[in-house]
Amino acid sequence: DLSEKDLGHAEKLETGQIHLEKIVTISGCKGITLLLRASTTPVLDELEQIIRNSLFVLRDFLEDRRIVPGGGAIEYSVSKVLKDFSLKFQGKEQIVIKSFADALEDIPECLAQNNGLNPLDTLIYLNNCHYKSLSSFGEGKDGCYDMTHLGVFDTIRVKKSVIIRAYEVTSLML
């Protein structure tokens, strides 16, 4: 038998919705125990992974509260800067820098594919937005939007990690 002492106590538990996503907010507690139930083992495994990922995001945010627009907006902005920068080099360096920029551009392209959108149309629209200095535009569920207005953000820590890993892989090509 489980008791409150085993599970902990929360002052407030609320359910809600952000856009189409259902959320549960737990507040007023020092720690909690989550009991997960699902109809199949794969669904349970997915729930566990979602919670684990959420806790990692929360940890990263608490350690460094800086955020950037999500939805591939930062990757697309950085890719444009790198493509311009690559033109300052000749030969292999130019190709490697441009390839790195192309790899970053793949992120909003993949987001478009995952959302059932035409990736080419999405990249053209993003290019037009970023050309007009709308650098916070990224890929949403049904098109390109200003991620800051939608409240879609990523932590700086995650973005730095992704870019550092991509740089390390690119460096191996040299």
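The notes below deal with the structure included here. The structure presented is a predicted model; accordingly, all values stated were derived computationally and were not measured.

### A look at the pairing of strand β2 (residues 21-27)
The two faces of a sheet get side chains in turn, since along a regular strand they alternate between them.
Then, number 1: Bridge count between strand β1 (residues 12-18) and β2: seven bridges; the pairing is antiparallel. The residue bridging Ile18 from the neighbouring strand is Glu21, located in β2.
Then, number 2: In sequence, β1 turns back onto β2 through a hairpin of two residues, with His19 there showing a positive phi of about 55°.

### What to know about the pattern of salt bridges
Then, number 1: All chains considered together, the criterion is met by 12 salt bridges.
Then, number 2: The residue Asp60 makes a salt bridge to Arg59 at a minimum N-O spacing of 2.9 Å.
Then, number 3: Residue class for Arg59 comes out partly exposed when judged on its relative accessible area of 38%.
Then, number 4: Its salt-bridge partner being Asp102, residue Lys83 comes within 3.1 Å of it at the nearest N-O pair. Of this pair, Lys83 sits in helix α3 (residues 73-86) while Asp102 is found in helix α4 (residues 92-114), placing the two residues 19 residues apart along the sequence.
Then, number 5: Taking the relative accessible area as the measure of exposure, Asp102 reaches 27% and is therefore partly exposed.
Then, number 6: What emerges from the salt-bridge pattern is a single network uniting Lys80, Lys83, Lys98, Asp102 and Glu105.

### Let's talk about helix α5 (residues 119-131)
Then, number 1: Look at α5: 18 Å from first C-alpha to last across 13 residues, which is about the 18 Å you get at 1.5 Å a residue.
Then, number 2: By the burial criterion, the buried members of α5 are Pro119, Thr122, Leu123, Leu126, Cys129 and His130. Angular distribution of buried residues about the axis of α5 spans 125°; they occupy a single face of the element. Among the exposed residues of α5, those pointing more than 90 degrees away from its buried face are Leu120 and Tyr131.
Then, number 3: Next to the buried residues of α5 lie α3, α4, β4 (137-140) and β5 (143-146).
Then, number 4: The opening residue of α5 is Asn118, an N-cap whose side-chain oxygen sits 2.9 Å from the backbone nitrogen of Leu120.
Then, number 5: Positive phi shows up at Ser133, right after α5, with a value of about 65°.

### A short note on a nonpolar patch on the surface
Then, number 1: A contiguous nonpolar surface patch, about 510 Å² in accessible area, is contributed by Ile32, Leu34, Leu36, Val43, Leu44, Leu47 and Ile50.
Then, number 2: As for its position among the elements, Ile32 is in the loop between β2 and α2 (41-63).
Then, number 3: Judged by relative accessible area, which is 41%, Ile32 ranks as partly exposed.

Definitions and cut-offs
- Residues numbered from 1 in each chain as written.
- Predicted model: local features only at pLDDT ≥ 70, side-chain atom pairs only at ≥ 80, totals over all residues.
- Heavy atoms only, no water.
- Pairing = 2+ DSSP bridges.
- Helix = DSSP H or I, 4+ residues; strand = E, 2+ residues; numbered from the N terminus.
- Salt bridge = Lys/Arg side-chain N within 4 Å of Asp/Glu carboxyl O.
- Buried < 20%, exposed > 50% of the residue type's maximum accessible area, 1.4 Å probe, protein only.
- Expected span 1.5 Å × (residues − 1).
- Arc of directions from axis to C-beta.
- Contact = heavy atoms within 4.5 Å.
- Polar contact = N/O pair within 3.5 Å; in protein donor to acceptor, adjacent residues only side chain to side chain.
- Patch = residues over 30% accessible without salt bridge, like charges linked within 9 Å, V, L, I, M, F, W, Y side chains within 5 Å.
- Areas by Shrake-Rupley, 256 points an atom, 1.4 Å probe, with all protein chains shown as cover.

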